[in-house]
Amino acid sequence: SYNGPSLLLCYSPCIDWGVDMKDMMQVQKLAVDSGYWPLYRYDPRRAEQGGIPFQLDSKRIKADLADYLKSENRYAALARTDSERATRLQGAFKDYTVGRMEHMQRQAMDESELLDHLKEKIGESTGEKMLILYASETGITASLSKHLEREMRRRDIRVKVSTYDDFDIADLPKQSVVINLAATCGQGEFPANSKMFWDQISDESLASDYLKGVKYATFAMGDTGYVFFNEVGKLIDSRFKELGGTEVLPIGMGDDQAEDKWETAYNEWEPELWNELGTAPPPKELLPAAFHVNKLDASANVSLPPFITPHDAVGPGVLVPLESCRPLTPGGRDLRQYEFNIEGTGLTYDAGDALAIFSTNGEDRVAQFLDWYGVSPDTKLQLLDVGRSGLKVPEHVTAHQLFTQHLDIFGRPKRNFYEMLSLLAEKPEERERLEFLISKEGKSDMRALVKDTVTHADVMKMFPSARVPIEYLLDYVPSIKPRLYSIGSASEMYPNHIHLGIVEEDWKNSHGEMRRGQSTWFLRNQTPGMKWGHTMQLKNDAEAPFANVENPPLMPVRVNPAVVHLPEDPKTPLVMVGLGTGFVPFRSFIQQRVVLKSRGIETGDMVLYFGARFKATEFLYGDEIEAYEADGTITHLRCAFSRDQAEKVYAQHLIDREPELLYDYMMNRGASFYLCGPAGNMPAQMKESVINAIAKVGKMEHSEAVKLVTQWQIEGRYNVEVWG
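Residues numbered from 1 in each chain as written. Predicted model: local features only at pLDDT ≥ 70, side-chain atom pairs only at ≥ 80, totals over all residues. Heavy atoms only, no water.

> Mind showing me how you'd approach the overall build of the protein chain here?
When you go through the protein chain residue by residue, the secondary structure sums to 25 helices and 25 strands. Its C-alpha atoms put the protein chain at 75 × 75 × 55 Å along the principal axes. Put simply, the protein chain has 724 residues, and 50% of those count as buried. Sequence-distant contacts, at least 24 apart, represent 75% of the contacts inside the protein chain between residues at least 6 apart. (Helix = DSSP H or I, 4+ residues; strand = E, 2+ residues; numbered from the N terminus. Buried < 20%, exposed > 50% of the residue type's maximum accessible area, 1.4 Å probe, protein only. Contact = heavy atoms within 4.5 Å.)

> I keep staring at a nonpolar patch on the surface and nothing clicks. Help me out?
There is a patch of nonpolar side chains on the surface, built from L7, L9 and Y40 and spanning about 350 Å² of accessible area. Counting through the fold element by element, L9 comes out in the segment before α1 (24–33). (Patch = residues over 30% accessible without salt bridge, like charges linked within 9 Å, V, L, I, M, F, W, Y side chains within 5 Å. Areas by Shrake-Rupley, 256 points an atom, 1.4 Å probe, with all protein chains shown as cover. Salt bridge = Lys/Arg side-chain N within 4 Å of Asp/Glu carboxyl O.)

> Can you walk me through the environment of Y2 in this structure?
Relative to the helices and strands, Y2 is located in the segment before α1. C-alpha of Y2 to C-alpha of S12: the two residues are 10 residues apart in sequence and 25 Å apart in space. Excluding its chain neighbours within four sequence positions, the residues that come into contact with Y2 are D43, P44 and R45.

> What is the right way to look at helix α9 (residues 231–242) in this model?
Side chains that are three or four residues apart share a direction in an α-helix, a result of its 3.6 residues per turn. Taking 1.5 Å per residue as the helical rise, α9 with its 12 residues ought to reach 16 Å, and the 16 Å between its terminal C-alpha atoms agrees with that figure. Buried within α9 we find V232, G233, I236, D237, R239 and F240. All buried residues of α9 fall inside an arc of 160 degrees around its axis, so they share one side. Turning to α9, the residues buried within the fold contact β5 (177–183), α8 (195–201), β6 (215–222) and β7 (246–247). Count one or two residues on from α9 and you reach G244, which has phi positive near 95 degrees. (Expected span 1.5 Å × (residues − 1). Arc of directions from axis to C-beta.)

> Explanation requested: the packing of aromatic side chains in the structure shown.
Aromatic ring pairs are defined here through the distance separating the ring centres and the angle between the ring planes. For the structure shown, the criterion picks out 30 aromatic pairs. Between Y472 and Y476, the ring centres sit 6.4 Å apart and the planes meet at 45 degrees, which makes this aromatic pair tilted. Residue Y472 and its partner Y476 are located together in helix α17 (residues 470–476), separated by four residues, close to a single helical turn. Residue Y476 is classed as buried on the basis of its relative accessible area, which comes to 10%. Aromatic ring contacts, followed pair by pair, group Y11, Y36, W37, Y68, Y75, F93 and Y96 into a single cluster. (Phe/Tyr/Trp six-rings, centres within 6.5 Å; stacked < 30°, edge-to-face > 60°.)

> Sorry, what's going on with a positive patch on the surface here?
Together, K59, K146, K160 and K392 give the surface a local cluster of positive charge. We classify K59 as partly exposed; its relative accessible area is 42%. (Lys, Arg positive; Asp, Glu negative; His and termini not counted. Charge placed at Lys NZ, Arg CZ, Asp CG, Glu CD.)

> What am I meant to see in unusual backbone geometry here?
Most peptide bonds take the trans configuration, and most residues that are not glycine carry a negative phi. If you check the backbone angles, D156 has positive phi at about 60 degrees while not being a glycine. Taking the relative accessible area as the measure of exposure, D156 reaches 71% and is therefore exposed.

> Is there a simple way to think about the sheet that holds strand β24 (residues 672–678) in this case?
The strands that make up a sheet pair up through hydrogen bonds in the backbone, lying either parallel or antiparallel. Spatial ordering of the open sheet is given by β23-β22-β21-β24-β25, a layout of five strands whose pairing is parallel. With one partner strand each, in any of the chains shown, β23 (636–641) and β25 (718–723) form the two edges of the open sheet. Here the average twist between neighbouring strands, direction ignored, is 10 degrees. The sheet contact formed by strand β21 (residues 574–579) and strand β22 (residues 606–612) spans six bridges and is parallel. (Pairing = 2+ DSSP bridges. Axes fitted to C-alpha atoms, helices over the stretch in contact; angles between N-to-C directions.)

> Help me understand the pairing of strand β16 (residues 497–503) in this model?
If a strand is regular, its side chains alternate between the two faces of the sheet. By the criterion of burial, β16 is predominantly enclosed, with seven of the seven residues buried. Here β16 shows a buried face lined by H497, H499, G501 and V503 and a second buried face lined by I498, L500 and I502.

> Teacher, can you tell me more about the side chain of S136 here?
You can see S136 is positioned in the loop between β3 (130–135) and α7 (140–154). A polar side-chain atom of S136 sits 3.0 Å from the main-chain amide nitrogen of G139. For S136, the side chain forms a polar contact with the main-chain nitrogen of A142, separated by 3.5 Å. (Polar contact = N/O pair within 3.5 Å; in protein donor to acceptor, adjacent residues only side chain to side chain.)

> What's the story with the packing of helix α13 (residues 415–424) against helix α14 (residues 428–437) in this structure? I'm lost.
A pair of packed helices can be characterised by two numbers: the angle between their axes and the separation between those axes. One way to put it is that α13 packs onto α14 with a least axis distance of 8 Å and a crossing angle of 155 degrees. For the element pair α13 / α14, the angle class is roughly antiparallel. α14 is crossed by α13, and the crossing has left-handed handedness. Where α13 approaches α14, its residues Y418, L421 and S422 are matched on the opposing element by R431, L434, E435 and L437. Grouping the amino acids of the contact of α13 with α14 by side-chain chemistry returns four nonpolar, one polar and two charged. (Parallel < 35°, antiparallel > 145°, perpendicular 65-115°, else oblique. Left-handed = near helix turned anticlockwise from the far one by under 90°. Nonpolar A, V, L, I, M, F, W, Y, C, P; charged D, E, K, R; others polar.)

> Looking at this structure, how should I read the pattern of salt bridges?
What the rule picks out here adds up to 32 salt bridges. Across the salt bridge formed by E247 and K241, the nearest N and O atoms sit 3.8 Å from each other. The class of E247 is partly exposed, set by a relative accessible area of 33%. Under the relative-accessibility criterion, K241 is labelled partly exposed at 47%. Across the pair E504 and R516 runs a salt bridge whose closest N-O atoms are separated by 2.9 Å. Residue E504 is found in the loop between β16 and β17 (506–508), and its partner R516 is found in strand β18 (residues 514–516); the two are separated by 12 residues along the sequence. Judged by relative accessible area, E504 falls into the buried class, the value being 5%. With relative accessibility at 22%, the residue R516 sits in the partly exposed group. Overlapping salt bridges bring together D334, R336, E504, D506, R516 and R524 as one network.

> Help me understand α7, please; the structure alone is not making it clear to me.
The terminal C-alpha atoms of α7, which comprises 15 residues, lie 21 Å apart, in line with the 21 Å expected from a rise of 1.5 Å per residue. D156 sits one or two positions beyond α7 and adopts a positive phi of about 60 degrees.

> What am I meant to see in the sheet that holds strand β13 (residues 380–384) here?
The sheet built from three strands is open, its strands ordered β9-β13-β14 with antiparallel pairing. In this open sheet, the two strands that pair with only one neighbour each are β9 (292–296) and β14 (396–398). Each strand axis lies, on average, 30 degrees off the axis of its neighbour in the sheet, ignoring direction. Direction of pairing for β9 relative to β13: antiparallel, over a ladder of five bridges. Residue pairing in the sheet places K295 in a bridge with L381 of β13. Contacts between helix α12 (residues 399–406) and the sheet are confined to β13 and β14, with β14 contributing the most and set at about 85 degrees to the helix.

These values are about where atoms sit, not about what they do.
What follows is the structure, given as structure tokens:
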């Protein structure tokens, strides 16, 4: 988009250097992490807007340069022929690399950061400054870090924000206050952008007073449906205490099972943070927006992207064709299989992985909103990130692109969105109502709005005197997040395809208006030949199924690594409880074992408990399941269709009725247990049925059975994957 010459410097390993094609991405990552190939951007336009023209994306050196040099023949050959010369030259190169990184770090600093850096160099105090460190997998914690940064700047607090892995642990003792925002993945796993930090801070050689004088507070984000609830936050918080840090307030425990998810706890925790830090209340005014937004003339000769490439905390999506969309069950809820062709895309997957799907808003719905907002969809916009927000959006876009492909304008607003509106509202009665909603007294009214699934657009229309500029929408409305869906195929059987089994989410609010899930309605409205960002949503009926078309729609996706893993030994028996679409990942488990068995590899027995409301309309993949039972692939099949008889029967009731089967698999055969289905009370009820079966057949105390099942969870033999 730059009106002049642009230069791209790109790096790719070569097969001639001894790098295997399958290792290309890992080698590229090592080149960046070792400082061999730093990632940076320089844009003179930022200087014209008062920003820093140089941006450093690889914040620091994270790996040993020697490890990178050993990976390539051209460097390893020198070490073999003349080790002394290699050591000397490579040592000098490492010194140069470190010096270059330090120079680039300084180039990317603003004036206050550079002043702090220079003061540290000569041993002077830099004054009070806060550090926010975050661990995020899906982007929610990253968004929270930006919110907290804004709140600190509103209170005139100097602050720095970083992922854990981008921060040098050697600088941690120099901090005055550290705020930890830590999400937990699955069974206690660290998000990808925090694993290196945890390895470093766990070093037993660190002194017990390593963080003496450092104040800290931690807010953890997790799900009580998992045994390792908020494990990452707890571990980080505990380690800061072990290293001599001073706790500002007790750890906050965000829970996705709470009424307002993690926000329930956070809305109590943040005010306490300000109280304990002794900060003054913020002035009732908005900070300058991170972006300058210029509306350009229709005749402006600027380069517009074909679409906005979606990103989240993990990375960008990869465009893949949706090859088919077919119904899985007749009648009832809309259950469909979506089949993606990943041949030639570089994507690979394993059993248990999930597919992240990036969706867009409906362009008809966006056009309707923009008409109310007073902006034409064709308006050309220039977005200048003068606040260094790091938001990955092109400089030039149309209003249609921004509101359709990036801003989650039809998503649920957070508390700070209401607060922003209260500061912009011109009518006193609207301002008072907004201030009441974000107060302690307005908690029940706010909860009613959340329950009614109001959107950013809805709230803006409720308070029209708060005319929100696009600049502040970029600050307060998050980007559209991808939704994760369990993959229902095995790469051993379908190496070039990914299957998903998805049910449409729809409901009515208190006004009788139909609401639909962002991603499922997007998927249902794909048609052959459809371009990214041109989905329609303002209609009652979904598009017709399709298969094997010449021009399938393309959409960005990425593979998310498994949280729940299959046992390494394929002879290990499996107990699978799949409720509704919770069966989908087990289809990949079954397919994998079918292929292994066809190759002469011995595989273990499998029992499947399938649960749904009605057999006629919700027994997805029913023909496949029954065929697998008939040929012995599924050793035991037990189905619970809760609404097909007067008395409701659920999957846990089948375990209650036949405890000997479960006991035999878990206690005698050493099976691994897997539960996949909706959250709520179900996981606890299922666990209790398993405990009761073990206690009853094994003639043991209930408390003993509880300890045993909990130990299975820790060992990875009892696995739960649920969704809200």
